[in-house]
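# Per-entry structural report
So you can see what is in the structure, the chains are spelled out below.
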Amino acid sequence: MKSKIILFLSIIIFQFSVNKSAAQNFNGKANIVEFTNATAKFTVPSGKTWVIQNILSDGFTNFKIKNKYDGEESCRVLVFIKTINGNVKTDLITEKYSKSLNNNNDYHPIYLPENTTIEFLISYDDFVSKKPKIYDGSATINYIEINN
C-alpha cells in the first residue's frame, strides 16, 4: 500500500512539473498588447524569441443575429492566424481556416523565432451563413519576449 501511494504521488509530481508552462523557465519580459484587425500584424525583433502564451478576446460579439427559431443570438468571436511570414493560414474567401486561438482550454504556447512576422484575423462565427466573417472588435495577445 505504501509503495502505491509513493507511486501515485510521484506520478502527480511528475505531471505537475511537465505541465508547467515552458515560459516559466525563461527569463523574459511579459507583454500584453491589444489589437484590432488593422493592427494585428506583429514582427519578432532581431535577437528575440516570442512565446505567445494566449490570445484573449470577448467570447461573443456585441451584436445579435436572428436565428432560425425566431430568436436572437450573439455570435462567437474567433481569432485565427491569418499569415505567418507571408504564408496564408486563414482566408475567409477560400474557406481556409487555421485553428481558432482565442479563449481555448487546450491552448499551447506558440514559439516564434526572431524576424518572424505573424498576423491575426479577428472574426465572428456567423451561424446563419455558416461562415466566419470579419469582426470589428479587438483581442489581446499575451507573450513573453526572450533575449536570444
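Above this text you will find the structure in question.
Heads up: these notes are all about the structure in this document. Per-chain numbering applies: the sequence of each chain, read as written, is numbered from 1 onward. With pLDDT at 70 or above as the cut-off, local features in this predicted model cover only qualifying residues; side-chain atom pairs require 80 or more to be listed or tallied, and sums for whole chains, interfaces and linings still use all residues. For side-chain calculations, the full set of non-hydrogen atoms in the structure is used, while hydrogens and water are omitted.

### Structural notes on the environment of Ala-30
We count a stretch as a helix when DSSP gives it H or I for four or more residues in a row; a strand needs E for two or more, and each element gets its number in order from the N terminus. In this structure, Ala-30 sits in strand β1 (residues 29-35). Residues Ala-30 and Ile-144, 114 residues apart in the sequence, show an inter-C-alpha distance of 4.4 Å. Any two residues having at least one pair of non-hydrogen atoms within 4.5 Å are treated as being in contact. If sequence neighbours within four positions are ignored, Ala-30 has contacts with Tyr-143 and Ile-144.

### Here's the deal with the sheet that holds strand β10 (residues 139-147)
The strand order across the open sheet formed by 4 strands is β1-β10-β3-β7, and the pairing between neighbours is antiparallel. Of all strands in the sheet, those with a lone pairing partner are β1 and β7 (110-112), marking the two edges. Neighbouring strand axes in the sheet, compared pairwise and without regard to direction, differ in orientation by 30° on average. As defined by bridge partners, β1 adjoins β10 across 7 bridges and the pair is classed as antiparallel. Any two strands between which DSSP finds at least two bridges are classified as paired. The axes are straight lines fitted to the C-alpha atoms, using for helices just the contacting stretch, and the angles between their N-to-C directions are given from 0 to 180°.

### Things to note about the pattern of salt bridges
Counted as salt bridges are all cases of a side-chain nitrogen of Lys or Arg within 4 Å of a carboxyl oxygen of Asp or Glu. The final tally for this structure, using the stated rule, is 1 salt bridge. The partner of Lys-131 in a salt bridge is Glu-95, and the shortest N-O contact between them spans 3.0 Å. Linking Lys-131 in strand β9 (residues 131-134) with Glu-95 in the loop between β6 (87-88) and β7, this pair joins segments that are 36 residues apart in sequence. Remark: exposure states derive from per-residue accessible area (1.4 Å probe, protein chains only) relative to the maximum for the residue type, with buried under 20%, exposed over 50%, and partly exposed in between. Residue class for Glu-95 comes out partly exposed when judged on its relative accessible area of 41%.

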